[in-house]
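Remarks on the overall topology
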Amino acid sequence: MKWYDVFSNFYDASLEKLYFESRKRAVELLELNAGQTVLDVACGTGANFRHIKATNLELDIYGTDFSAGMLRRGQATIEKEQWTNIKLFQADARDLSPSFVQEQIKNEPYFDKIICALGLSVIPDWESVMDKMLGLLKENGQLVLIDVFAEKRTFNTWLVEKIAKADLDRKIGQRLEQKTSNFHCEYLPVKENKVGGKLFVAIGIKK
Ligand SMILES: C[S@@+](CC[C@H](N)C(=O)[O-])C[C@H]1O[C@@H](n2cnc3c(N)ncnc32)[C@H](O)[C@@H]1O
C-alpha cells in the first residue's frame, strides 16, 4: 500500500477536522466497558485511539493496517501521548482470521468490539473483509463502521476516490444491516462536497 505510506505524511493534517466528530460518535455507540478488547481494522494513523482513550477505561486496544507508513505515524502518536495498552501490527485485512490473530497477535483470537473507519471503501474484497471482522467478534460483539456513500456522484466523489484510492459506491451500511442485528446508522452533518458523499456511522451486533 505504497500510496498510504506517502499519504501518512499529510493525512491527519489534511483530513482530521472532517472526521473527528464521526470518530467520537462511533466510540460512543460502542458503549465500551472496562476490560474489553477492541480491534481497529485499517487503523491508519490511529485517529480513533484518542476517542477510545478518552473513555478512561482499562481496555486492550489493537490496531492493524497494511501501510507501514500509517502505522509509524500511529506508533509515534501512541508514544507522544504515552498511551498504554495499544498494540499495532501490520496486516492485510484480507488475512484477518482467528488463526491469524492467534499466531500473530494474541492467544484468545476474538474481540468484544471492532471499529473500521474509512477502511471498507478502500480495502479490496470489502465484503469478505466485513465477514472476517464479524468472524473475529465474540458472541454479541459489535462492529462499528465509519464510511462514505455517494448516493449522487459528483466531481468531488471522483476526486475523493482518486485521492483516497476509494470506491464510494460500495453499499457498506446496507451490507452491515443484512449481516447484523440491532443495526443502527446515522449520517454526520459534514458537507458532501468535502468527503465525496454522505458520511455515516453504522453499528450492528454479530448475529
Ligand atoms: C482512508 S484510510 C483510513 C485510516 C483510518 N482508519 C482513519 O479513519 O483515518 C484507509 C486505510 O486503509 C488501509 N488499507 C488499505 N488496504 C488495506 C488492506 N488490504 N488491509 C489493511 N489495511 C488497508 C490504508 O493503509 C489506510 O490506512
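Residues numbered from 1 in each chain as written. Predicted model: local features only at pLDDT ≥ 70, side-chain atom pairs only at ≥ 80, totals over all residues. Heavy atoms only, no water.

**Let's talk about the UniProt feature "domain: Methyltransferase" (unreviewed entry) in the chain**
Per the UniProt record, the feature "domain: Methyltransferase" (unreviewed entry) sits at residues 33-155. A distance of 42 Å separates the end C-alpha atoms of residues 33-155, which is 30% helix and 29% strand. (UniProt positions renumbered as here; feature names shortened; annotations may be inferred. Helix = DSSP H or I, 4+ residues; strand = E, 2+ residues; numbered from the N terminus.)

**A word on the site of the ligand**
By nearness alone, 19 residues border the ligand, and Tyr11, Arg23, Ala42, Asp65 and Ala117 come closest of all. The contact in question runs from an oxygen atom of the ligand to an N or O atom on the side chain of tyrosine 11, over 2.7 Å. Alanine 93 places a polar main-chain atom, nitrogen or oxygen, 2.8 Å from a nitrogen atom of the ligand. Tallied by class, the residues present in the shell around the ligand amount to 14 nonpolar, two polar and three charged. (Near = heavy atom within 4 Å. Polar contact = N/O pair within 3.5 Å; in protein donor to acceptor, adjacent residues only side chain to side chain. Nonpolar A, V, L, I, M, F, W, Y, C, P; charged D, E, K, R; others polar.)

**A short note on the pattern of salt bridges**
The final tally for this structure, using the stated rule, is 15 salt bridges. Arginine 94 is paired through a salt bridge with aspartate 92; the nearest N and O atoms lie 2.8 Å apart. Classification of arginine 94 as partly exposed rests on a relative accessible area of 30%. On the basis of relative accessible area, aspartate 92 is assigned to the buried category, the value being 13%. For glutamate 151, the salt bridge is made with lysine 198, and the minimal N-O distance between the two is 3.5 Å. Remark: lysine 198 occurs in strand 7 (residues 198-206) and glutamate 151 occurs in the loop between strand 5 (137-149) and helix 7 (155-164); sequence separation between them is 47 residues. (Salt bridge = Lys/Arg side-chain N within 4 Å of Asp/Glu carboxyl O. Buried < 20%, exposed > 50% of the residue type's maximum accessible area, 1.4 Å probe, protein only.)

**What about the packing of aromatic side chains?**
Counting across every chain of the model gives eight aromatic pairs. Here tryptophan 3 and phenylalanine 10 contribute two aromatic rings whose centre-to-centre distance is 6.3 Å and whose plane-to-plane angle is 65°, an arrangement assigned as edge-to-face. Each member of the aromatic cluster is reached from another via a ring pair, and the members are Trp3, Tyr4, Phe7, Phe10 and Tyr11. For lysine 198, the ring lying beneath its charged end belongs to tyrosine 187, and the centroid distance is 5.1 Å. (Phe/Tyr/Trp six-rings, centres within 6.5 Å; stacked < 30°, edge-to-face > 60°. Lys NZ or Arg CZ within 6 Å of the ring centre and 35° of its normal.)

**Considering the sheet that holds strand 1 (residues 37-41)**
The sheet built from seven strands is open, its strands ordered 3-2-1-4-5-7-6 with mixed pairing. At either end of the open sheet lies a strand with only one pairing partner, and these are strand 3 (86-90) and strand 6 (180-187). For this sheet, the mean angle separating the axes of adjacent strands, direction not counted, is 15°. Looking at chain direction, strand 6 and strand 7 are connected through six bridges and run antiparallel. (Pairing = 2+ DSSP bridges. Axes fitted to C-alpha atoms, helices over the stretch in contact; angles between N-to-C directions.)

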